[in-house]
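Structural description and commentary
The primary structure of each chain is shown beneath.
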Amino acid sequence: MELERSVDISRRQSKEHMCRITDLQEELRHREHHISDLDKEVQHLHENISALTKELEFKGKEILRIRSESNQQMRLHEQDLNKRLEKELDVMTADHLREKNIMRADFNKTNELLKEINAALQVSLEEMEEKYLMRESKPEDIQMITELKAMLTERDQVIKKLIEDNKFYQLELVNRETNFNKMFNSSPSVGVINPLTKQKKKNDKSPTNRFVSVPNLSALESGGVGNGHPNRLAPIPNSPVHDTEFNSSKPLPQPVPPKEPKTFLRYQ
């Protein structure tokens, strides 16, 4: 039984193996057919590649030929352009020289014309300057000059009057000083308040001398005060009026003009 069972098992396995073999053979035939198709396709592709390579070589040769032709045409066109540009440049240079000569001639003519106009203007200017220098005076200028002369005359009179008043007051001052010295020649004792003395307290009942005597005038005069003249007071320093001897023929000092000019009203 075991043998029969093993034989049955082996038969089954053999059947299965046969089925497997048939399947594999079928798949093999299918794969061989696919491989043959692929070989045909590869061969076809190789043929296409060779054809494309030949076409590419032909196209490359065509491109090189076109490029050489285009380069040659470009050279020819460049040469034509250079020749045309040279011709145009020659024409423009000739036109420029012609215009330059024309402009130079126009400039020379304009310069000559300007010189003539300048000479005419110079002559006219000299004539106008001569007319201006030889012009007559205007009535308003003459009237203004007359008024200014009148104002100057009036001012001179005022200054002369001020100088005479100044002489009069100087003489009057000298006269009064002389009379004062003649009258008060008895050496008067004049008291003055001395602000530098200390104030005493209210409780201090001692008498205070509020007045201090000044030195005797006669002693000062005998000591040489007053420029050697005992009958005159001491002169004010730097004063041209209190000279030792008054000289009436000596001219008075000129008055210092004020910073702001005085305006003299002119009465009509």
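What counts and what doesn't
Residues numbered from 1 in each chain as written. Predicted model: local features only at pLDDT ≥ 70, side-chain atom pairs only at ≥ 80, totals over all residues. Heavy atoms only, no water. Patch = residues over 30% accessible without salt bridge, like charges linked within 9 Å, V, L, I, M, F, W, Y side chains within 5 Å. Areas by Shrake-Rupley, 256 points an atom, 1.4 Å probe, with all protein chains shown as cover. Salt bridge = Lys/Arg side-chain N within 4 Å of Asp/Glu carboxyl O. Helix = DSSP H or I, 4+ residues; strand = E, 2+ residues; numbered from the N terminus. Buried < 20%, exposed > 50% of the residue type's maximum accessible area, 1.4 Å probe, protein only. Expected span 1.5 Å × (residues − 1). UniProt positions renumbered as here; feature names shortened; annotations may be inferred.

The name given to the chain in an unreviewed UniProt entry is Family with sequence similarity 184 member A, and the organism recorded there is Panthera leo.

**Brief notes about a nonpolar patch on the surface**
Side chains of L113, L114, I117 and L121 sit close together on the surface and give an oily, nonpolar patch of about 380 Å² of accessible area. Its location among the elements puts L113 in helix α1 (residues 2-133). Accessibility expressed as a relative area gives 48% for L113, which makes it partly exposed.

**Focus: helix α2 (residues 139-183)**
Between its terminal C-alpha atoms α2 stretches 65 Å, which fits the 66 Å expected from 45 residues at 1.5 Å a residue. Every buried residue of α2 is listed here: Q170, E177 and N181.

**Here we look at the pattern of salt bridges**
Summed over all chains, the structure comprises seven salt bridges. The partner of R31 in a salt bridge is E27, and the shortest N-O contact between them spans 3.1 Å. With R31 and E27 both in helix α1, this residue pair falls four residues apart, about one helical turn. Since its relative accessible area comes to 49%, R31 is described here as partly exposed. Here E27 falls in the partly exposed class, since its relative accessible area comes to 38%. When the shortest N-O distance is used, the salt bridge between D95 and R98 registers 2.7 Å. Of this pair, D95 and R98 both sit in helix α1, three residues apart, which is roughly one turn of the helix. Residue class for D95 comes out partly exposed when judged on its relative accessible area of 28%. R98 gets classed as partly exposed once you look at its relative accessible area, which sits at 47%. What you see here is one network of salt bridges that share partners, running through E62, R65 and E69.

**Side note on the UniProt feature "coiled-coil region" (unreviewed entry) in the chain**
Summarizing the sequence annotation, UniProt attributes the feature "coiled-coil region" (unreviewed entry) to residues 21-55 in the numbering used throughout. Between the end C-alpha atoms of residues 21-55 there is a gap of 49 Å, over a span that is 100% helix and 0% strand.

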